[in-house]
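Reading the structure
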Amino acid sequence: MSCECHDHCTIESQGRDSVTNPAWRRALWIALVLNLTMFIVELTAGLLADSVSLLADAVDFAGDAANYGLSLAVLGMAVVWRSRAALVKGLSMTAYGLFVIGKAAWVLHSGTVPEPLTMGVVGAIALVVNTGVAVLLYAFRTGDANMRSVWLCSRNDALSNLAVMLAALGVFGTGSAWPDLVVAAVMAALALSAGVTVVREARRELAAVPA
């Protein structure tokens, strides 16, 4: 039976490909485990080092783990449910960006200076993990909104880790919290941008699904 429109055909075809591809499911499980582990590591390190960028990255790891779990949950469902899941994930990415902005403002008010060595070491570990996840998910970056949101999460995470390491160097050199706060602001901007992109794509897919 033919599809009613080209966009719907394309979306359904991509969805079937993702469901029947064991590599996609395996990649999601690996990403889920790694993100849960790094959430615990960065949350602990962020609290010990008084680093808002590490705490923000820890929250990001937790959000990504939830995203991967949600992607696994809707993997075999109809395209409308995968698109709805992507919409939820896009909104959560946007909420994360707003959280980071609020946290940075609070730290700026309190005048706390983070511990740079912990920031640098944990940031480097997180970079290795996220780069591996990004490489693992690279082949699926052009799928439906649900798959695209997973790729965007992994890409943004790797960029955020590089920024945390630069912040650690800046805090060490200046003895100020400003590098940490600037990086937190950049992370917030990345999250907001990716969130808006995923929400827009998910809404487009939902509009293309026949009622």
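For clarity, every value in this text was computed on a predicted model and none was experimentally measured. (Residues numbered from 1 in each chain as written. Predicted model: local features only at pLDDT ≥ 70, side-chain atom pairs only at ≥ 80, totals over all residues. Heavy atoms only, no water.)

Points about the overall build of the chain
- If you tally the helices and strands in the chain, you get 7 helices and 0 strands.
- Across the 211 residues that make up the chain, the buried fraction comes to 47%.
- A fraction of 83% describes how many contacts in the chain between residues 6 or more apart in sequence connect residues 24 or more apart.
- Approximately 9900 Å² of the chain is accessible, and the part contributed by carbon and sulfur atoms is 70%. (Helix = DSSP H or I, 4+ residues; strand = E, 2+ residues; numbered from the N terminus. Buried < 20%, exposed > 50% of the residue type's maximum accessible area, 1.4 Å probe, protein only. Contact = heavy atoms within 4.5 Å. Areas by Shrake-Rupley, 256 points an atom, 1.4 Å probe, with all protein chains shown as cover.)

So, the nonpolar core
- L54, Y96, V100, M119, V183 and M187 are the most contacted members of the largest nonpolar core, which has 21 residues in total.
- Of all elements in the fold, only α3 (52-73), α4 (79-110), α5 (116-137), α6 (145-174) and α7 (178-208) reach the threshold of two or more residues within this core.
- When residues no more than four places from it in sequence are discounted, the contact partners of M119 are S51, S53, L54, P114, V164, A167, A168, V171 and D180.
- Of all hydrophobic cores here, the second largest spans 11 residues; its members include W24, A65, Y68 and L72. (Core = buried A, V, L, I, M, F, W, Y, C linked by side-chain atoms within 4.5 Å.)

Some words on a nonpolar patch on the surface
- A surface patch of nonpolar side chains, amounting to about 390 Å² of accessible area, comprises L108, W178, V182 and V186.
- If one sorts the elements of the nonpolar patch by residue count, α7 sits on top with 3 residues.
- Assignment of secondary structure puts W178 in helix α7. (Patch = residues over 30% accessible without salt bridge, like charges linked within 9 Å, V, L, I, M, F, W, Y side chains within 5 Å. Salt bridge = Lys/Arg side-chain N within 4 Å of Asp/Glu carboxyl O.)

Looking at the packing of helix α2 (residues 22-49) against α3
- Close contact between α2 and α3 brings their axes to 8 Å; oriented N to C, the two are set at 155°. Of the possible angle classes, the one that applies to α2 and α3 is roughly antiparallel. α2 and α3 meet at a crossing whose hand is left-handed.
- Broken down by class, the residue content of the contact of α2 with α3 amounts to 18 nonpolar, 4 polar and 4 charged. (Axes fitted to C-alpha atoms, helices over the stretch in contact; angles between N-to-C directions. Parallel < 35°, antiparallel > 145°, perpendicular 65-115°, else oblique. Left-handed = near helix turned anticlockwise from the far one by under 90°. Nonpolar A, V, L, I, M, F, W, Y, C, P; charged D, E, K, R; others polar.)

Some details on α5
- Look at α5: 31 Å from first C-alpha to last across 22 residues, which is about the 32 Å you get at 1.5 Å a residue.
- Among the residues making up α5, those that are buried are P116, M119, G120, V122, G123, A126, L127, V129, N130, V133, A134 and L137.
- Looking at where α5 begins, the residue whose side-chain oxygen comes 3.1 Å from the main-chain nitrogen of L117 is E115. (Expected span 1.5 Å × (residues − 1). Polar contact = N/O pair within 3.5 Å; in protein donor to acceptor, adjacent residues only side chain to side chain.)

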